[in-house]
Amino acid sequence: MASFISRRALLSASVSLISLIAAPAFAADAATPPSSGQVSEIVVTAQRLDAARSEVEPALGATTYSMPEAFINNLPSGANVQLNQVILQAPGAAQDSFGQLHIRGDHGNIQYRLNNVILPEGLSVFGQTLSPRLASNIELITGALPAQYGLRTAGIVNITAKSGFKNGGEVSIYGGSHGLVTPSVEYGGSSGGTSGFFSGSYTGTDVGIESVDGRGTPLHDHSDQYQAFGYLDHILDAQSRVSFIAGTSQSSFQIPNVSGLHPDAGFSVNGVTDIASEALNQRQREGTSYAIAAYQYSTEKFTGQASVFTRYSELRYTP
């Protein structure tokens, strides 16, 4: 039994720097008079740093379409859909029969970012690396993209990850026809200057790839897909923080069969010359893992972020 394996490992570093940005303090004033009669000021440092981070990579005239968490939850299947299904709600987005995303009619040329940090490209054909349930906001940036985004002519998908400042979590299960079942878990919390968020999900379906012969229930088309994501950040002081992101996606797909076909080229495998097409057992496994470490420093007139990221992908096809 022959197999084909393709692997790609990427390790890079990036520094994003914008100087002289007038970033307001975004302080939340709470009028809670103490016993002395004075009014104290509570500075929500995390929110101020989040607002400053969003300005590190400004769009500079490009068109930005924003899809916040409430938008995702209002979709018919909520956060249980694939990331492509969320982006398809934006203008200029389309999807082909293999589930690959096309922006403004382009093939590829899409850059993905997590918290304004580039996520290196990996090997993915049928599966999705990122899940909508990890996002507090998804932005699709198109138009005349500035040089800061590199040689990308189609679009930029920038995902802002959920934080852990809403203590608590949820466990859910979603299902439907064709054997679809999606259990998931989310949890976030904070303690002092440290916050974190975790999500994990599994998707099983009997229609993992589009039917090749128009059948409502294709032959040999089951798929198992696992996704996990973790985010952790720690505020060092009022001007700086460090954050760490890690995630993985592991998927397996059966390649659907067309029934009723028989070989007529005269080939023989172990003495067998007639192998029915419905008996084929082609499979493909796709796996990718990534990690990001970032340091952010922000003052009233300066915002900078330095990051190191890595991604490893593997694609294995078994005929």
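Let me sum up the structure you'll find in this document. From a predicted model like this one, the values you see are computed outputs, not experimental measurements.

### Considering the overall build of the protein
Thought 1: Assigned secondary structure in the protein consists of three helices and 15 strands.
Thought 2: For the protein, with 319 residues in total, the buried portion stands at 39%.
Thought 3: Within the protein, counting contacts between residues at least 6 apart in sequence, those at least 24 apart form 67% of the total.
Thought 4: In the structure as shown, the protein presents an accessible area of about 16200 Å², 57% of it carried by carbon and sulfur atoms.

### Remarks on the sheet that holds strand 8 (residues 155-161)
Thought 1: What the five strands build is an open sheet, ordered 2-7-8-5-6; its pairing is mixed. Strand pairing shows two members of the sheet lacking a second neighbour, strand 2 (63-68) and strand 6 (117-119), which therefore form its edges. Taking the axes of each pair of neighbouring strands and ignoring which way they run, one obtains an average angle of 25° across the sheet.

### Notes on the environment of Thr288
Thought 1: Relative to the elements of secondary structure, Thr288 occurs in strand 14 (residues 283-298).
Thought 2: Judged by its relative accessible area of 4%, Thr288 is buried.
Thought 3: The contact partners of Thr288, leaving out residues within four places of it in the chain, are Thr129, Gly247, Thr248, Ser249, Gln250, Arg311, Tyr312 and Ser313.
Thought 4: Of the polar contacts made by the side chain of Thr288, one reaches the side chain of Arg311; its length is 3.1 Å.
Thought 5: Within the structure, the side chain of Thr288 is placed 3.0 Å from the side chain of Ser313, a separation counted as a polar contact.

### Overview of the pattern of salt bridges
Opposite charge on two side chains lets them pair, provided their charged atoms get close.
Thought 1: Using the criterion set out here, one finds six salt bridges in the structure.
Thought 2: Salt-bridge contacts for Arg215 lead to Asp213; the nearest nitrogen and oxygen are separated by 3.4 Å.
Thought 3: For Arg215, a relative accessible area of 35% gives the class partly exposed.
Thought 4: Judged by relative accessible area, which is 31%, Asp213 ranks as partly exposed.
Thought 5: The salt bridge partner of Asp233 is Arg241, with a shortest N-O separation of 3.4 Å. Per residue, the accessibility class of Asp233 equals that of Arg241, and both read buried.

### What about the packing of aromatic side chains?
Thought 1: Tallying each qualifying case throughout the model produces two aromatic pairs.
Thought 2: When the ring of Tyr202 is compared with that of Tyr226, the centres are 4.9 Å apart and the planes differ by 40°; the resulting orientation is tilted. Linking Tyr202 in strand 11 (residues 194-205) with Tyr226 in strand 12 (residues 223-237), this pair joins segments that are 24 residues apart in sequence.
Thought 3: Here Tyr226 falls in the partly exposed class, since its relative accessible area comes to 47%.

### Looking at the side chain of Asn137
Thought 1: Following the sequence through the fold, Asn137 ends up in strand 7 (residues 135-142).
Thought 2: A relative accessible area of 14% means that Asn137 is categorised as buried.
Thought 3: Discounting residues that sit within four places of it in the chain, Asn137 has contacts with Ser66, Met67, Pro68, Asn158, Ile159 and Thr160.

### Considerations on unusual backbone geometry
Thought 1: Its identity is not glycine, yet His178 carries a phi of approximately 60°, on the positive side.
Thought 2: Along the chain, His178 falls in the loop between strand 9 (168-175) and strand 10 (181-191).
Thought 3: By relative accessible area, His178 is classed as partly exposed at 38%.
Thought 4: The phi angle at Asn270 is positive, at roughly 55°, despite the residue not being glycine.
Thought 5: The residue Asn270 is located in the loop between strand 13 (240-254) and strand 14 in this model.

### Some points on the pairing of strand 13
Thought 1: In the sheet, strand 12 pairs with strand 13 via 14 bridges, with the strands oriented antiparallel. Residue Asp237 lies in a different strand from strand 13, and its bridge partner there is Ser240.
Thought 2: Taken together, strand 12 and the strand that follows it, strand 13, pair antiparallel across an intervening segment of two residues.
Thought 3: Pairing between strand 13 and strand 14: 15 bridges, direction antiparallel. Residue pairing across strands places Val242 opposite Tyr295, the latter belonging to strand 14.

Rules and cut-offs
- Residues numbered from 1 in each chain as written.
- Predicted model: local features only at pLDDT ≥ 70, side-chain atom pairs only at ≥ 80, totals over all residues.
- Heavy atoms only, no water.
- Helix = DSSP H or I, 4+ residues; strand = E, 2+ residues; numbered from the N terminus.
- Buried < 20%, exposed > 50% of the residue type's maximum accessible area, 1.4 Å probe, protein only.
- Contact = heavy atoms within 4.5 Å.
- Areas by Shrake-Rupley, 256 points an atom, 1.4 Å probe, with all protein chains shown as cover.
- Pairing = 2+ DSSP bridges.
- Axes fitted to C-alpha atoms, helices over the stretch in contact; angles between N-to-C directions.
- Polar contact = N/O pair within 3.5 Å; in protein donor to acceptor, adjacent residues only side chain to side chain.
- Salt bridge = Lys/Arg side-chain N within 4 Å of Asp/Glu carboxyl O.
- Phe/Tyr/Trp six-rings, centres within 6.5 Å; stacked < 30°, edge-to-face > 60°.

Nothing here speaks to function; it is all geometry.
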